[in-house]
Amino acid sequence: MPVPQSRGLVSRSLLRENAYRAIRDAIVDGTLTPGERLNDGDLAEWLGVSRTPVREALARLEQAGLVQTKPGRYTMVSPLDVRAVRAAQSVTAAMHELAVREALPDLSAAELGAMREANARFADALRRNDVDAAIAADDDFHGVPVTACANHAVRTVLEQFTPVLRRLERSRFSSLSGRGSVVQHDRIIALCEAGDVEGAAAATRANWRTLVPLLDTSLPGDANDNNDSDDNNDSDDPGGVSG
């Protein structure tokens, strides 16, 4: 039989996406800490893939602001930078507000039910101090209108900037400051059910703005690049990524 022209493309795409998600999640959950040097060979061994999808993932993570590189010298996990997080918070809040505006007034009963179920899981995770479960449930809650609005641009922007916020939200959901989001979520659901576009959009915006106080209390000041004078023989690394 003739060999299809697209043979092998799907598996390669999955390898690249899986590498990206694994490294991204390790940065967000703190397994890879701010300022930690990254070596593409070590990451490839950890993930069980070749260096190519790892390097592609690192380039994508640099675009998202989670990784910093100096070609031929180092690749590292980006420090928590108040300016970058403020920018990500503004963009993310705007995208979620837009998603609610575009999804209403056509959210179905099933979609509203999915939001209630996600918020119930969110509340339970907070009670159990399960930060990972809380973040997953929060993603599911806000993901309903994002999916319902069917706006690819909204989803693309959120996929890029949400991970920057998640590093901050881990500290929020591990404290009492996350409890107020349960009530806010309930209000968003009620306003969506009533078809109140302006009210639901405003409530969504307010929910995402609860991160703003944490920007001043959880993050250092402007991040400075202190690595310019740190040679560490990194230029010997052929891939531009060193440990």
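Residues numbered from 1 in each chain as written. Predicted model: local features only at pLDDT ≥ 70, side-chain atom pairs only at ≥ 80, totals over all residues. Heavy atoms only, no water.

1. Remarks on the overall build of the protein chain
The helix and strand inventory of the protein chain stands at 10 helices and 2 strands. For the protein chain, the N- to C-terminal ordering of α and β elements is α-α-α-β-β-α-α-α-α-α-α-α. Relative to all contacts within the protein chain whose residues are 6 or more apart in sequence, the contacts with residues 24 or more apart total 78%. Looking at the protein chain as shown, the accessible area adds up to about 12,200 Å², and 52% of this sits on carbon and sulfur atoms. (Helix = DSSP H or I, 4+ residues; strand = E, 2+ residues; numbered from the N terminus. Contact = heavy atoms within 4.5 Å. Areas by Shrake-Rupley, 256 points an atom, 1.4 Å probe, with all protein chains shown as cover.)

2. Brief notes about the pairing of strand E1 (residues 67-70)
Where E1 lies against strand E2 (residues 74-77), 4 bridges are found, and the strand directions are antiparallel. Residue pairing in the sheet places Lys 70 in a bridge with Tyr 74 of E2. (Pairing = 2+ DSSP bridges.)

3. Some remarks on the packing of helix H5 (residues 109-127) against helix H8 (residues 180-193)
Two numbers describe how H5 lies on H8: the axes approach to 10 Å, and their chain directions differ by 175°. Classed by the angle they form, the pair H5 and H8 counts as roughly antiparallel. For the pair H5 and H8, contact is made by Leu 112, Met 115, Arg 116, Asn 119, Phe 122, Ala 123 and Leu 126 and by Ser 181, Val 182, His 185, Asp 186, Ile 188, Ile 189, Cys 192 and Glu 193, respectively. (Axes fitted to C-alpha atoms, helices over the stretch in contact; angles between N-to-C directions. Parallel < 35°, antiparallel > 145°, perpendicular 65-115°, else oblique.)

4. Observations concerning the environment of Arg 24
Residue placement: Arg 24 occurs in helix H1 (residues 9-28). Overall, the relative accessible area of 15% leaves Arg 24 in the buried class. Not counting chain neighbours up to four residues away, the residues in contact with Arg 24 comprise Leu 61, Leu 66 and Pro 163. (Buried < 20%, exposed > 50% of the residue type's maximum accessible area, 1.4 Å probe, protein only.)

5. Some words on the packing of aromatic side chains
We describe a pair of aromatic rings using the distance from one ring centre to the other and the angle between the two ring planes. Counted according to the given criterion, the structure contains 0 aromatic pairs. The ring of Tyr 20 has Arg 60 sitting right over it, with the charged end atom 3.7 Å from the ring centre. (Phe/Tyr/Trp six-rings, centres within 6.5 Å; stacked < 30°, edge-to-face > 60°. Lys NZ or Arg CZ within 6 Å of the ring centre and 35° of its normal.)

6. As for the nonpolar core
Grouped together as the largest cluster of nonpolar side chains are 27 residues, with contacts concentrated most on Ile 23, Ile 27, Leu 32, Leu 38, Val 54, Leu 58 and Leu 61. At the level of secondary structure, the elements contributing two or more residues to this core comprise H1, helix H2 (40-47), helix H3 (51-64), helix H4 (82-103) and helix H7 (152-173). When residues of this core are assigned to their parent elements, the largest contribution, 5 residues, is made by H1. Beyond its immediate sequence surroundings of up to four residues, Val 54 is in contact with Ile 23, Asp 40, Leu 43, Ala 44, Leu 47 and Val 49. With 21 residues, the next largest nonpolar core counts Ala 99, Leu 112, Ile 189 and Cys 192 among its residues. (Core = buried A, V, L, I, M, F, W, Y, C linked by side-chain atoms within 4.5 Å.)

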